[in-house]
Each structure stands twice: as structure tokens, then as C-alpha cells.
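Residue-level listing of the chains:
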Amino acid sequence: MPDSLFTDLFRDTEQLTWHPTEQVRQRGRRRARQTRIATVLAGAVVVAVVATGAVALAGGEDGAPTPVLPATGSPTPTPTPSATPTPTPSTRDTPGAPPSSPSTTSGGPSSGSTSPAIPAAALLRASDLPRGFQAAGSDLDGDWSFDFAASNACADTPSLSAKERAERGAVFGKPGASSVIERVRRYSLDDAKATIVWARTVTECEPRREQYSLSVVDSGFAGDGSLLIRFDAAGLISYTLFVRQGDLVAEVWLGSLTNRTEAGRLAQRAADRLCAGTDAC
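Residue indices follow the written sequence of each chain, beginning from 1 at its first position. At least 70 in pLDDT is required for a residue's local features to be given in this predicted model, at least 80 for side-chain atom pairs to be given and counted, and no such filter applies to totals for whole chains, interfaces and linings, which use all residues. Based on all heavy atoms of the structure, the side-chain values leave hydrogens and waters out of the count.

### So, the overall build of the protein chain
Secondary structure elements are taken from DSSP: a helix is a run of H or I of four residues or more, a strand is a run of E of two residues or more, and numbering for both begins at the N terminus. Helices and strands together make up the secondary structure of the protein chain, namely 5 helices and 7 strands. The helix and strand sequence of the protein chain, counted from the amino end, reads α-α-β-α-β-β-α-β-β-β-β-α. Type-normalised accessible area, obtained with a 1.4 Å probe on protein chains alone, sets the label of each residue: buried when under 20%, exposed when over 50%, and partly exposed for intermediate values. Every one of the 281 residues in the protein chain was classed for burial, and the buried ones make up 30%.

Okay, here's the thing in C-alpha cells:
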């Protein structure tokens with residue numbers, strides 16, 4: 001038996017007149033175009049309202065709109081930022097400000113210079129030493145220093161209160177011979193003088209061991225102050241040279257270079273070299 005739902009539907013639609021299929025399709029396409037046009041127009045109205053409000057706000061309190069310039073044939077190019085940076089104001093440009101301090105030059109002389117750095121020209125060169133010696137770097141490690149000799153020779157080593165401001169070293173080697181090692185230190189002028197006095201005082205210390213001793217061989221033969229000190233370590237002899245020029249003091253371990261004439265010549269070369277690092281010469 002037919003379902004009552006289908007029976008009612010057939011009865012209600014039996015007398016309806018159906019339009020041709022193509023006519024129904026055209027009507028659907030026309031309604032779709034009208035819907036799209038209405039949507040576009042509504043969006044344009046919204047944009048216009050927002051733009052008008054933004055212009056009114058930008059125009060100030062009276063809300064006067066900013067006039068729109070007529071369009072030109074080509075867009076205005078965006079200006080390129082300048083490659084030259086804008087200078088930052090400094091105290092030098094500020095009225096009433098104190099002048100800036102001069103820049104420090106590394107390696108300059110000590111008195112009158114703010115830099116304590118020691119230039120390489122203030123140190124000995126291989127050409128200053130006897131034939132055969134060559135530069136061998138600047139590693140100053142080892143038991144060669146006068147401090148080491150004093151600690152072995154003296155029961156109580158006098159203390160040195162001088163404070164060095166900078167130091168620089170050089171090492172020279174020769175096959176079959178001990179190295180020659182130089183350490184140049186910068187002090188204040190008074191401390192540089194005190195260092196030479198201290199080295200002489202150490203040689204007068206109470207011996208730690210009978211077979212160890214320190215003694216001054218010569219003095220006052222180069223620069224503003226100089227000492228040639230002999231260290232006897234149970235028959236093993238070595239020499240240390242001190243040379244002062246202004247606020248610079250060179251300590252040169254001569255090792256087995258025991259020729260006093262050669263030591264004196266080397267001391268004078270060391271004094272001359274020190275003049276490259278101080279204006280005391």
C-alpha cells in the first residue's frame with residue numbers, strides 16, 4: 001500500500017506548472033550575479049566610511065579632511081637614506097664642557113706619556129750580541145732570574161717594594177752556549193732608581209749556603225745606573241746585568257757569557273736601546 005507521505009505530495013503537486021529547465025538555470029545565474037554585486041557594494045561602503053573617519057582624525061580637532069593630490073604619471077620614489085651617519089653630540093661640542101683628554105699612544109716614552117707599554121725597539125737585538133746568537137722568542141720562564149739567584153744565595157732576601165708598570169722580554173740562543181735573556185721593566189722614576197739600589201743590597205745579604213754567593217763585579221759603566229753581578233752556585237758561574245735608563249730597567253742574564261769586556265759592551269748597547277722607550281735620554 002503506498003505511503004501516505006508520497007500520496008499527499010503527489011496530490012499537492014499534481015496541478016503545478018513546471019518551468020523549462022533552461023529557464024530555471026538562467027534565473028539562478030541572475031540571482032547569483034545580483035548577490036555578488038550587492039556584496040561588493042556593501043564592502044566598498046564600509047571601506048569608504050573607515051577611510052573618511054581616519055582622514056578626519058588625522059586632520060586635527062576640527063576634523064577637516066586632508067585634500068587628495070591629483071595623481072601623477074609616475075609614483076614619487078622613496079628617498080634613499082644617506083650613507084653618512086648623523087654625528088652623535090659629544091662633550092667636545094657642548095659649550096662649557098671640559099676638553100677631552102688626548103688619546104694614548106702605545107709604546108711611547110714614559111715621562112709625559114700616559115702609556116706604560118714598552119716598544120720592541122727598547123730591547124736588545126741579535127746583532128747586539130756576540131756572533132752566532134739569534135733571536136729565540138720571548139718566553140721568560142725558567143730559573144734564570146736574579147730573584148731566583150737571590151732566593152738561593154740569601155738567607156733573607158731584602159724585599160723590593162717597587163711596582164712595575166709594564167714589562168717585555170727577549171731571548172737569544174746560540175748552539176753550544178747558554179741563552180741570553182733580557183727582561184725590561186717600566187717603573188716610576190723613583191722606583192726604577194730603587195731597583196738598582198735593591199739589587200746591590202741583595203749582594204750584601206747573609207748567605208744561605210756557604211757554596212752560594214752573589215757579588216758586584218762592576219757598576220756605573222752604562223746608562224743612568226748599571227750593575228754587573230756574579231752568581232756562584234757551587235762552582236757554576238753566571239752573570240746578571242742591570243742597566244737603568246730613566247724609568248726603564250733592563251735585567252739581562254748573560255749565562256755563560258763571562259767575558260767582562262763583552263758584558264760591558266752589551267750593557268752599553270742595552271742602555272742605548274732603552275732610549276727608544278723613555279724620554280730620559
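### Some remarks on helix α5 (residues 260-274)
Working rule for helices: expected span equals 1.5 Å times residues minus one. Taking 1.5 Å of rise per residue, the 15 residues of α5 would be expected to cover 21 Å, and the 21 Å separating its terminal C-alpha atoms lies within 8% of that figure. Next to the buried residues of α5 lie β3 (177-186), β5 (225-233), β6 (236-245) and β7 (248-255). We call two N or O atoms a polar contact when they sit within 3.5 Å, provided that within protein one can donate a hydrogen and the other can accept it, with sequence-adjacent residues counted only if both atoms are side-chain atoms. The N-cap of α5, judged by a side-chain oxygen 2.9 Å from the amide nitrogen of T261 a few residues on, is N259. Contact between two residues is taken to exist if any of their heavy atoms lie within 4.5 Å; hydrogens are not considered.

### Quick look at the layout of surface pockets
Residues are said to line a cavity or pocket when one of their atoms sits within 4 Å of a point; the points come from a 1 Å grid over protein atoms alone, cavities being sets where a 1.4 Å probe fits but cannot get out and pockets being open sets with protein on both sides within 12 Å along at least five of seven lines. Grid points are joined across faces, edges and corners, and a volume is the space filled by probe spheres set on the points. For the largest pocket, the calculated volume is near 230 Å³. Lining the largest pocket are 17 residues, with D143, F231, L236, S238 and W253 sitting closest to its centre. Looking at the lining of the largest pocket, the elements that each hand over two or more residues are α3 (146-153), β5, β6 and β7. Here the lining of the largest pocket is composed, by residue class, of 9 nonpolar, 7 polar and 1 charged. Only Asp, Glu, Lys and Arg are considered charged, only Ala, Val, Leu, Ile, Met, Phe, Trp, Tyr, Cys and Pro nonpolar, and every remaining residue, Gly among them, polar.

In short, the description is geometric, and any link to function would need to be established separately.
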